[in-house]
Amino acid sequence: MYVLELGGQDDGFAACEAASAASGVEVVGAGLATARAVTERVRDLAFVHRASEVVGHTDPGVANARALLAAASVERTGSVAVRAVDVRATTGVDTQRVERELGQVLVDRGFAVDLDDPDHELRALFAGPPGADSTAENSAEPDATDAADGTGICVLGWLTAESRRDFGERRPTDRPFFQPGSMDPLLARALVNVAGAREGATVVDPMCGTGGLLLEAGLVGARVVGSDAQAKMARGTRANLRDALGADGAFDVCRGDVTRLPLADDCADAAVFDVPYGRQSKIEGDSLEALVGDALAEARRIAPRAVVVADRSWTEAAVDAGWVVTEHFERRVHRSLVRHVLVLDRE
């Protein structure tokens, strides 16, 4: 069993992405999920920061954590360090005290502590119940959870993997081709992971824009195929992919009509696309509704799964095109914009 430290504020969306690299994912606390098993792909996740092999779990509180570790078997050798986290400040636990007391338990069992470069890192994770907001600022006691009331969770685990946090190095404005409104790499990576991007998979973006989704899919090893109605966008995407993946990267980009893609049936493992926002984007064809309906039908023709992002829910159009909506998330960008994310599978 593993514990996953989730990023962002939407644990459901983070868990959905985590399921692309782990099995049996279940949210167990604010910002925490467990998984039966994880793969190497966990390092490529956007909204999972760390995965740790679970020692055990208990109610939150220093005394509970200390008793849990004291009763656990530790089949490891070498130096150790303890890192305690009050996830999203939802428990008010004194993390410094946790680290001292759990560290002492390990010292008493013969381990040497190395805070700078340990052989093993024990993560002591304290979280309120799923959906909990920060309570630390309102806690009347400095270690309020010592008298745990059964809410929330404490999970101890040995750090196994950390995700690569290099998204800030790939700002859209730093690419050879940039247009306002380009999706940030963090969200783009999560979306392509949900779609199933990985080594050996083929991912198509039929509305590729500047290519941000394809870029992230290519970086995790997928072969990527892009199409856009505007020749300028197709050229720009090609330049961005060449810059990020190299001239020999596994990608193809063309100018194409999203309602009649020049692609064979079942040629891809997944389609993923960001629907144009009607008020801000040039729409080819009679209407945005007709465009999206035809695009969804074409996506279903070429792939068994699709992930669609838009400024509104296209659930009805997806169902009309023959898709089953397996997930629907709403992600607030700012006060006037909410991104809807639909995860679609064939019937």
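See the structure above.
Counting restarts for each chain, with residues numbered from 1 along the sequence as it is written. Confidence filtering applies because this is a predicted model: local features only for residues at pLDDT of at least 70, side-chain atom pairs given and counted only at 80 or more, and all residues used for totals across whole chains, interfaces and linings. Only hydrogens and water are set aside when side-chain values are computed; all heavy atoms of the structure are taken into account.

Our focus in this paragraph is the pattern of salt bridges. Each reported salt bridge corresponds to a side-chain nitrogen of Lys or Arg within 4 Å of a carboxyl oxygen of Asp or Glu. A full pass over the atoms with the stated rule returns 23 salt bridges. Arg164 is the salt-bridge partner of Asp44, the closest N and O atoms lying 2.6 Å from each other. Taken as a pair, Asp44 in the loop between strand 5 (37-38) and strand 6 (48-58) and Arg164 in the loop between strand 9 (153-162) and helix 4 (185-195) lie far apart in primary sequence, 120 residues in all. Working definition: with a 1.4 Å probe on protein chains only, accessible area under 20% of the residue-type maximum means buried, over 50% means exposed, and in between means partly exposed. Note on Asp44: relative accessible area 17%, which makes it buried. Residue classification places Arg164 among the partly exposed residues on the basis of a relative accessible area of 43%. As a salt-bridge pair, Arg301 and Asp265 come within 2.7 Å of each other at their nearest N and O atoms. With a gap of 36 residues between them, Arg301 in helix 7 (residues 288-302) and Asp265 in the loop between strand 12 (251-255) and strand 13 (270-274) connect regions that are remote in the sequence. On the basis of relative accessible area, Arg301 is assigned to the partly exposed category, the value being 23%. Residue classification places Asp265 among the exposed positions, given a relative accessible area of 51%. A single network of salt bridges, built from pairs that share partners, joins Glu5, Arg50, Arg83, Glu121, Arg123 and Glu162. The secondary structure listing takes helices from DSSP runs of H or I that are at least 4 residues long and strands from runs of E that are at least 2 residues long, numbered from the N terminus.

If you check the backbone angles, Arg88 has positive phi at about 55 degrees while not being a glycine. A residue is classified by how much of its surface remains accessible, and Arg88, at 23% relative accessible area, is partly exposed. Positive phi is not limited to glycine here, since Asp266 has a value of about 55 degrees. Locating Asp266 in the fold gives a position in the loop between strand 12 and strand 13.

Another point: the side chain of Arg339. Examined against the element boundaries, Arg339 turns out to sit in strand 16 (residues 337-346). Charged-residue counts in this description rest on Lys and Arg as positive and Asp and Glu as negative, His and the chain ends being excluded. No salt bridge is formed by the buried Arg339; the nearest opposite charge belongs to Asp274, separated by 4.6 Å. Whether two residues are in contact is decided by their heavy atoms, any of which lying within 4.5 Å being enough. For Arg339, the contacting residues outside a window of four places in its chain are Met183, Leu187, Tyr277, Val309, Ala310, Phe329, Glu330, Arg331 and Val333.

Residues are called lining when one of their atoms sits within 4 Å of a cavity or pocket point, these points coming from a 1 Å grid over the protein atoms alone, where a cavity is a set in which a 1.4 Å probe fits but cannot get out and a pocket is an open set with protein on both sides within 12 Å along at least five of seven lines. Grid points are joined across faces, edges and corners, and a volume is the space filled by probe spheres set on the points. For the structure shown, the criterion picks out two cavities of 30 Å³ or more. In this structure, the largest cavity spans a volume of roughly 60 Å³. If you trace the largest cavity, you find it lined by Ser20, Ala21, Arg41, Asp44, Leu45, Asn193, Ala197, Arg198 and Val220. Nonpolar residues are Ala, Val, Leu, Ile, Met, Phe, Trp, Tyr, Cys and Pro. Charged residues are Asp, Glu, Lys and Arg, and all others, Gly as well, are polar. A breakdown of the residues in the lining of the largest cavity according to their chemical character gives four nonpolar, two polar and three charged. Quantified by volume, the second largest cavity comes out at close to 30 Å³. Lining the second largest cavity are Val204, Val225, Gly226, Ser227, Cys254, Leu261, Pro262 and Leu263. Sort the elements by how many residues they give to the lining of the second largest cavity and strand 11 (residues 223-228) lands first, with three residues. A breakdown of the residues in the lining of the second largest cavity according to their chemical character gives six nonpolar, two polar and no charged.

Okay, the sheet that holds strand 10 (residues 202-205) next. On the basis of which strands lie adjacent, the open sheet formed by seven strands has the order 12-11-10-13-14-16-15 and mixed pairing. Unpaired on one side and paired on the other, strand 12 and strand 15 (323-334) mark the two borders of the sheet. Between one strand axis and the next, the sheet turns by 15 degrees as a mean value, whatever way the strands run. Note on pairing: DSSP must find at least two bridges between two strands before they are called paired. Strand direction decides the pairing type here: strand 10 and strand 11, joined by four bridges, are parallel. What sits directly across from Val204, in strand 11, is Val225. Its contacts with the sheet place helix 6 (residues 231-245) against strand 11 and strand 12, and it is angled at close to 165 degrees to strand 12. Only the stretch in contact is used when fitting a helix axis, every axis being a line fitted to C-alpha atoms; angles between N-to-C directions are given from 0 to 180 degrees.

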